[in-house]
Amino acid sequence: MALKVTNPANGAKIVTLPSDDAKSVKAKYERARASQPAWARVRMKQRLEAIARFRALVLADAEHLAKVLSTEVGKPIAQARNELKGVLPRIDFFLEAAAQTLRTKRVSRDGAMEERISHEPLGVVANVSAWNYPWFVGSNVFVPALLAGNAVLYKPSEFAAMTGLEIARLLHAAGVPEGVFTAVIGDGKVGGALVAQPVDGVFFTGSVATGKRIAAAVAGRLVKLQLELGGKDPIYVCEDVDIAKAAAGIADGAFYNTGQSCCSVERIYVHRRVFAPFVEAFVAEVRRLRRGDPADDATYIGPLTRAPQLKVLEAQVKDAVKKGARLLAGGKRVKAKGNWFEPTVLVDVDHSMAVMREESFGPIIGIMAAKDDADAVRLMNDTSYGLTAGVYTGDRGRAEKILSQVASGSVYWNCCDRVSPRLPWSGLRDSGIGLTLSTYGIETFTRPKAWHLRSPT
Ligand code: NAD
């Protein structure tokens, strides 16, 4: 089988890669199963050294890796470089925190009786990944999973397969055995064949629809399952902000990575007293965003990675305009080869419109007025998602009060579209189950084992 990789900026074929099939996936699973026990016996220090070497190799090869990423995903090269730069502190966090988090802990000693907790690897885990930040969402899983002693079957998205193969190349060069980290290449069907193997954990990043399909596929097997899914992330702008600064920060949160981030700002609510000046400043920011060749250092908006998403964006604009929304910028495809859509701003939107309810995953945003803080909280919570939410205000107490009432995995004050390796990354409802990052995101690749030890003396 073969996987054709095309450049989303111009539709040109880049390469055809050999793809896995059900038979090769099974063989890869069996090799991973056979390799895992020896990896679990390797001392933590050696596993840490292998990941530190991987980090060094990523750093040394960063420019080449950024170009590969930019070409296959269409990510503007400056943002591809940022992703490569940003993966290093994530790896550093895992290198610093893994040994302490995973050490065996004595939790009680009472006379002859001792109680201990150890962290056992899950075994063989499947890591089915998305294309939008392949270095981030991949390394959030495979780095701590490997450090915890698991074997990883890593399926990069079919839209980021070249990056997936680069990751495998560098991990192997760093000393992670081939059976311990294996790239599985192919489309959703190959992903289906992977999660059908008797793995000990399935860690998925991607869309809600696929996440639910995977949950159904593994339900009968009672294996550990994590789903990191989409979002419809809201921001509320209070009337006491520096409008120009807030507009610039939120435009970046909505349009960075061409709006293709799970935590992109997807809905904006503005206190009615500053609605008009905020919208004016926001549209001015959007008009400044430079769309162009992803290979150009100055480009900010690239093509969409997946062509079918163009239709989703068109349908959202059409639905909103039909129901009374006004277009203040963009609104249509760009007539050119590749998957281009104009940065789009809609006002006079409401929650009957798909653009305020369904994940857009592209350069499009709806802005709506809120009467007061209570109205904003109600609007922010009126969603089937719950990944991130933020407030812009000069008043920290007000921000904390609002954010405490918002049902969301992460909350932001005067920032957005932000991920920290030290904080857990998780979502509510359709945004998923389980988490990555932070020390919880290391423990999650293990099974706690309870030791009851009574000394004979
Ligand atoms: P997708 O669901 O189309 O694909 C994700 C992965 O699943 C790919 O590797 C694909 O090949 C595989 N797949 C597809 N069908 C499968 C099946 N039946 N069985 C097993 N695997 C299957 O998602 P995508 O387009 O790659 O990613 C975009 C989505 O990911 C967005 O919704 C975004 O919000 C979400 N996302 C979430 C996070 C997060 O941390 N919450 C991070 C990044 C992206």
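This one's a predicted model, so the numbers in the text were calculated from it and none came from an experiment.

K.L.:
Can you walk me through the overall build of the protein in this structure?
P.N.:
Along the protein, the regular secondary structure elements total 14 helices and 20 strands. By the compact-globule yardstick of 23 Å for 457 residues, the protein fits well, its C-alpha radius of gyration being 23 Å. Out of the 457 residues in the protein, the part that is buried amounts to 56%. Partitioning the intrachain contacts of the protein with sequence separation of at least 6 by distance along the chain shows that 71% fall at a separation of at least 24. Looking at the protein as shown, the accessible area adds up to about 19000 Å², and 54% of this sits on carbon and sulfur atoms. Side-chain charges of the protein comprise 61 positive and 47 negative groups, with the mean position of each set lying 4 Å from the other.

K.L.:
When you look at the packing of aromatic side chains in this model, what are you seeing that I'm missing?
P.N.:
Note on aromatic pairs: each is described by the distance of the centres and the angle between the planes. Here the structure, examined in full by the defined rule, presents 11 aromatic pairs. Ring centres of Y256 and Y300 lie 6.1 Å apart, and the angle between their planes is 75°; this geometry places the pair in the edge-to-face category. Placement of Y256 in the loop between α9 (243-255) and β11 (265-271) and of Y300 in the loop between α10 (275-288) and α11 (308-322) is noted, with a sequence separation of 44 residues between them. Each member of the pair, Y256 as well as Y300, is classed as buried. A cation sits over an aromatic face here: R90 above F136, 4.0 Å from the ring centre.

K.L.:
So what exactly am I meant to see when it comes to the layout of surface pockets here?
P.N.:
Vacant regions in the atomic arrangement are exposed by a probe of water-molecule size rolled over the atoms. Estimates place the volume of the largest pocket at around 1000 Å³. Lining of the largest pocket is provided by 45 residues; of these, F204, G206, S207, V208 and T210 occupy positions nearest its centre. Of all the secondary structure elements, the ones that give two or more residues to the lining of the largest pocket are α7 (188-195), β8 (201-205), α8 (208-218), β9 (224-228), α11 and β17 (425-426). With 6 residues, the top contributor of residues to the lining of the largest pocket is α8. For the lining of the largest pocket, the per-class residue count stands at 21 nonpolar, 17 polar and 7 charged. Put simply, the second largest pocket is a space of about 570 Å³. Residue assignment for the lining of the second largest pocket shows that the elements contributing at least two residues are α4 (77-102), α5 (134-147) and α9. In terms of residues, the lining of the second largest pocket owes the most to one element, α4, which gives 6 residues. Tallied by class, the residues present in the lining of the second largest pocket amount to 11 nonpolar, 7 polar and 6 charged.

K.L.:
Even after reading the chapter, I still don't get the site of the ligand, so can you show me in this structure?
P.N.:
Around the ligand, 29 residues are found, and the nearest of them are E158, S207, T210, L229 and E359. In this structure, an oxygen atom belonging to the ligand sits 2.8 Å away from a main-chain N or O atom of S129. With respect to the ligand, the side chain of T210 contributes an N or O atom lying 2.7 Å from an oxygen atom. Burial of the ligand by the protein chains amounts to 90% of its free accessible area of 860 Å². Spatially, the ligand is embedded in the largest pocket. Among the secondary structure elements, those contributing two or more residues to the shell around the ligand are α7, β8 and α8. If you tally residues by element for the shell around the ligand, the top one is α7, at 3 residues. Partitioned by chemical class, the residues of the shell around the ligand number 12 nonpolar, 11 polar and 6 charged.

K.L.:
Please explain the sheet that holds strand β20 (residues 446-454) as it appears in this structure.
P.N.:
Adjacent strands of a sheet pair through backbone hydrogen bonds, lying either parallel or antiparallel. Strands sit in the order β3-β4-β20 across an open sheet of 3 strands; the sheet is antiparallel. Each having just a single partner strand, β3 (105-110) and β20 make up the two edges of the open sheet. Pairwise comparison of adjacent strand axes, ignoring direction, gives a mean angle of 20° for this sheet. Two elements, strand β4 (residues 113-121) and β20, share 9 bridges in a ladder whose sense is antiparallel. Within the sheet, the bridge partner assigned to S118 lies in β20 and is K449.

K.L.:
Before we go on, may I ask you to explain empty space enclosed by the protein in this structure?
P.N.:
By the definition in use, this model includes 2 cavities of 30 Å³ or more. In this model, the largest cavity occupies a volume close to 60 Å³. Around the largest cavity, the lining is made up of 16 residues, and of these P234, R267, T383, G386 and T388 lie nearest the centre. Within the residue set of the lining of the largest cavity, elements represented by two or more residues are β10 (233-237), α12 (373-381) and β15 (388-392). Along the lines of polarity and charge, the residues of the lining of the largest cavity split into 7 nonpolar, 5 polar and 4 charged. If you add up the space inside the second largest cavity, you get close to 40 Å³.

K.L.:
Hey, could you run me through the state of the cysteines in this one?
P.N.:
In protein chemistry, a disulfide is the covalent bond that joins the sulfur atoms of two cysteines. In total, this model carries 0 disulfides according to the counting rule given. The closest cysteine sulfur to the non-disulfide-bonded C262 is located on C263, 4.5 Å from its own sulfur.

K.L.:
For this particular structure, what's the right way to read the packing of α5 against helix α6 (residues 161-173)?
P.N.:
Think of two packed helices as two axes; the pair is described by the angle between the axes and how far apart they sit. Running from amino to carboxyl end, α5 crosses α6 at an angle of 35°, the nearest separation of the two axes being 11 Å. α6 is crossed by α5, and the crossing has right-handed handedness. From α5, P134, W135, F142 and L146 reach across to α6, where they touch T163, I167, L170 and L171. Along the lines of polarity and charge, the residues of the contact of α5 with α6 split into 7 nonpolar, 1 polar and no charged.

K.L.:
Sorry, what's going on with the sheet that holds strand β7 (residues 181-183) here?
P.N.:
Across the sheet, which stays open at both edges, the 6 strands sit in the order β7-β6-β5-β8-β9-β18 with mixed pairing between neighbours. Of all strands in the sheet, those with a lone pairing partner are β7 and β18 (432-433), marking the two edges. Bridging between β9 and β18 involves 2 bridges; their strand directions are antiparallel. Looking at the pairing, L227 lines up with I433 of β18. Here helix α1 (residues 22-41) sits on the sheet in contact with β5 (124-128), β6 (151-155) and β7, set at roughly 155° to β6. Across the sheet, α5 is in contact with β5, β6, β7 and β8; its angle to β6 comes to roughly 165°.

The rules behind each value
Residues numbered from 1 in each chain as written. Predicted model: local features only at pLDDT ≥ 70, side-chain atom pairs only at ≥ 80, totals over all residues. Heavy atoms only, no water. Helix = DSSP H or I, 4+ residues; strand = E, 2+ residues; numbered from the N terminus. Rg over C-alpha atoms; globule rule 2.2 N^0.38 Å. Buried < 20%, exposed > 50% of the residue type's maximum accessible area, 1.4 Å probe, protein only. Contact = heavy atoms within 4.5 Å. Areas by Shrake-Rupley, 256 points an atom, 1.4 Å probe, with all protein chains shown as cover. Lys, Arg positive; Asp, Glu negative; His and termini not counted. Charge placed at Lys NZ, Arg CZ, Asp CG, Glu CD. Phe/Tyr/Trp six-rings, centres within 6.5 Å; stacked < 30°, edge-to-face > 60°. Lys NZ or Arg CZ within 6 Å of the ring centre and 35° of its normal. 1 Å grid on protein atoms, 1.4 Å probe; cavity = no way out; pocket = protein on both sides within 12 Å on 5 of 7 lines; lining within 4 Å. Points joined across faces, edges and corners; volume = space filled by probe spheres on them. Nonpolar A, V, L, I, M, F, W, Y, C, P; charged D, E, K, R; others polar. Near = heavy atom within 4 Å. Polar contact = N/O pair within 3.5 Å; in protein donor to acceptor, adjacent residues only side chain to side chain. Sits in = over half its atoms within 2 Å of the grid points. Pairing = 2+ DSSP bridges. Axes fitted to C-alpha atoms, helices over the stretch in contact; angles between N-to-C directions. Disulfide = S-S within 2.5 Å. Left-handed = near helix turned anticlockwise from the far one by under 90°.

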